[in-house]
Amino acid sequence: MRILCLVKRVPAPGARINITEDEQYVDDKNLGHAVSPHEECGVEAAVQLVEKHGGEATVLSMGGAESEEQLRAAVSVGIAKMVLVPTDGSPMDPQQTAAALVEAIRNLEEADGAFDLIIFGNESADQGGFQVGIRIAHALGRPMVNGIKGLDVDGAAEGHILANREIDSGVEVYELPMPACVGVKEGINLPRYPTMKGRLASKKAELSTVDAAAEAGGQAQVKLKSPPEVVNETVILGNGPEAAPAVVDLLEELGVM
Amino acid sequence: MTVLVIIEHDRGNVPEAAFEALTAARQFGLPVEAAVTGEGAADAAASLGAYGAETIHHATADAVGDYSPEAWGQALAGVVEATSPSIVLSVGTDRGNELMAQIAARMDLPFVANCVEVSDDASSMTRSQWGGALHEETTLDADTKLLSFAPHAVEATESAAVGTVVDVAVDVDESLARTMIKDRVVLSEGITLSTAPVVVSGGRAVGSEEAFAPLEELAGELGGKVGCSRAVTNNGWRPHSDQVGQTGTRIAPTIYIASGISGATQHWVGAMGSKNILAINTDPEANMVVKAGWAVLGDLHEVIPAITEEVRKRKG
């Protein structure tokens, strides 16, 4: 299988998010960076599929030169090739992002043939537009299902891949003819840590660059701001197990007993 | 000039999110219409008038059946083309955002996901980034404005309207059935993490897979479900489907009991839709304690069993 996974460099999630003075960017000077969590699992899914069925996986990122760090991280866990689509790092809207990536993917496919599977993250951890993968799949004329938490070629019809989507009450199973696209969610696997051998390989791997650009779309960021703070006078119901009766009083009051 | 609400449903079952979308649509002061398609669409349409849908467009085509993002997206784009609404919206659930993005891609229109506030003509809005931990003010320039509201941004309320159902024959390429659900595996009947009235969660401080048993007992007594933080699923103590957070499930229970959870941003954005929060933590400065309405300071391993015992005692 030829697999392409797309990753985005984002400030490491979890910490408090501060904004730069011009209100245009997340202030990341005190933050580490990572691949968006869903996409980190997409990288792992690609590595597992290639281990099981053979072939080759490529990782692609569009962003500033510093995105090389995330591309090399993907190579260190088993991805064979890496491609950067360089930008100046300013915010891009989802239509623009998708159009530039379509151009880059077409360039790669013209050179080396179509990818059987393109793996996106369900949404990026930062901007969270919930649409770039869907736009790209549509432009390429390929099937696309988002929210995937299971991928397997075994058990699928010839030339197809099974993709599972978790819903509240269970699992929806899709069988997509390849070439196909999926958006995966964290939980599809537990990403591995790089081995020493992997780290060494990632240092030596060659970074290729594909230029691609597109016109701005109809959505334009004006500024970022912090959501209103949750202000609460937290009522302390007590200390330790002695607080249990007060807790149960509250549960009764809320009608959940 | 109308607002068209894209209705997600599962074989006729309409989730609360679709009613939130209809409620949100009424803020624009325009006639509210709805679009449905697929297997069970007629059943789905029957419940929409009560939430303010004056006209319900039922998109029909041979290629639409059970849920398929591509075939449904094409059918619903057909309704948008046929009715020329000024605003098209959904609520940003998995299916809601997926269908809006499919429509946007097919019509080459911009789409603004997960809005928390929208101007009267939908030309500017505030939307969620980082799962709600950050807000973005944005402008939207398009003749037909596509957007979704963040889940739980609006509370669904009824407002009776006629709810006339009109069939609209649309063109859907047969090949688009390639993304139709092929099979389903039912894992749980009844309440789920996102619909449970009570969620009892544990974080890293729980300590092990086995140590979740007392949380299961308390959740069982209260007819609720057990949730957890990202640290717990990363340790393999609970399945990822139990994770509350930006990369897990958004919950909205009557009460969220968060034990041994510090309340990192990624967790908080999954929990902030809860109507009430009780934090159980040894650290009075923990983010979850500070943001909670109620707190018990102490070791969850002692506090949780004591609450379960008290609940059982009062139930007799």
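Residues numbered from 1 in each chain as written. Chains lettered and ligands numbered in written order. Predicted model: local features only at pLDDT ≥ 70, side-chain atom pairs only at ≥ 80, totals over all residues. Heavy atoms only, no water.

Caption draft 1: Representation of the packing of helix α6 (residues 244–253) of chain A against helix α9 (residues 300–315) of chain B. Running from amino to carboxyl end, α6 of chain A crosses α9 of chain B at an angle of 60°, the nearest separation of the two axes being 9 Å. Considering the angle they form, α6 of chain A stands oblique to α9 of chain B. As α6 of chain A runs across α9 of chain B, the sense of the crossing is right-handed. Residues A244, P245, V247, V248, D249, L251 and E252 of chain A of α6 of chain A form the contact with α9 of chain B, whose participating residues are A306, I307, E310, V311 and R314 of chain B. Of the residues belonging to the contact of α6 of chain A with α9 of chain B, the class tally is 8 nonpolar, no polar and 4 charged. (Axes fitted to C-alpha atoms, helices over the stretch in contact; angles between N-to-C directions. Helix = DSSP H or I, 4+ residues; strand = E, 2+ residues; numbered from the N terminus. Parallel < 35°, antiparallel > 145°, perpendicular 65-115°, else oblique. Left-handed = near helix turned anticlockwise from the far one by under 90°. Contact = heavy atoms within 4.5 Å. Nonpolar A, V, L, I, M, F, W, Y, C, P; charged D, E, K, R; others polar.)

Caption draft 2: Local environment of the pairing of strand β4 (residues 56–63) of chain A. Residue and element names in this part refer to chain A. Buried residues dominate β4, accounting for 7 of its 8 residues. When strand β1 (residues 2–7) meets β4, the two strands line up parallel, connected through 6 bridges. Its bridge partner being in β4, L6 is matched across the sheet by L60. In the sheet, β4 pairs with strand β5 (residues 81–86) via 6 bridges, with the strands oriented parallel. The residue bridging G63 from the neighbouring strand is P86, located in β5. Running through helix α2 (residues 68–76), the crossover from β4 to the neighbouring parallel element β5 is right-handed. (Buried < 20%, exposed > 50% of the residue type's maximum accessible area, 1.4 Å probe, protein only. Pairing = 2+ DSSP bridges. Right-handed = clockwise from strand over helix to strand, strands pointing away.)

Caption draft 3: Region of the structure containing the nonpolar core. Core analysis: the biggest nonpolar cluster contains 91 residues, and L117, I119 and L151 of chain A have the highest contact counts within it. The residues touching L151 of chain A, leaving out its near neighbours within four places in the chain, are A45, L49, L117, I119, I161, L162, A163, V182, V184 and I188 of chain A. If you look at the next biggest cluster of nonpolar residues, it comprises 35 residues, including A24, A41, C115 and A122 of chain B. (Core = buried A, V, L, I, M, F, W, Y, C linked by side-chain atoms within 4.5 Å.)

Caption draft 4: Highlighting the interface of chain B and chain A. Taken together, the contact between chain B and chain A spans 85 residues of the former and 79 residues of the latter. Summed over both sides, the interface between chain B and chain A buries roughly 7,000 Å², with carbon and sulfur atoms accounting for 57% of that surface. Note that K182 of chain B and E175 of chain A form a salt bridge whose closest N and O atoms lie 3.9 Å from each other. Applying the counting criterion to the chain B and chain A interface returns 37 residue pairs in polar contact (both at pLDDT 80 or more). If one sorts the elements of the side of chain B that touches chain A by residue count, helix α4 (residues 94–107) of chain B sits on top with 9 residues. Partitioning the side of chain B that touches chain A into residue classes produces 38 nonpolar, 28 polar and 19 charged. As defined by bridge partners, strand β9 (residues 170–177) of chain A adjoins strand β10 (residues 183–186) of chain B across 4 bridges and the pair is classed as antiparallel. Residue pairing in the sheet places V171 of chain A in a bridge with V185 of chain B of β10 of chain B. (Buried area = accessible area lost by both parts, 1.4 Å probe. Salt bridge = Lys/Arg side-chain N within 4 Å of Asp/Glu carboxyl O. Polar contact = N/O pair within 3.5 Å; in protein donor to acceptor, adjacent residues only side chain to side chain.)

Caption draft 5: Local environment of the domain arrangement of chain B. All names here are of chain B. Domain boundaries assigned for chain B yield domain 1 (3–178) and domain 2 (198–315). Measuring from the centre of the C-alpha atoms in domain 1 to the corresponding centre in domain 2 gives 34 Å. Contacts between the two partners involve 5 residues from domain 1 and, on the opposite side, 7 residues from domain 2. In this assembly, domain 1 and domain 2 are joined by 0 salt bridges. Counting across the domain 1 and domain 2 interface gives 0 residue pairs in polar contact (both at pLDDT 80 or more). Here the residues of the side of domain 1 that touches domain 2 are counted per class, giving 2 nonpolar, 3 polar and no charged. (Domains from an automatic or database assignment.)

Caption draft 6: Layout of the environment of V186 of chain B. Within the element layout of this structure, V186 of chain B appears in strand β10. We classify V186 of chain B as exposed; its relative accessible area is 55%. The spatial distance from the C-alpha of V186 of chain B to the C-alpha of G73 of chain B is 25 Å, given a sequence separation of 113 residues. V186 of chain B has contacts with S169 and G170 of chain A, leaving out every residue within four places of it along the chain.

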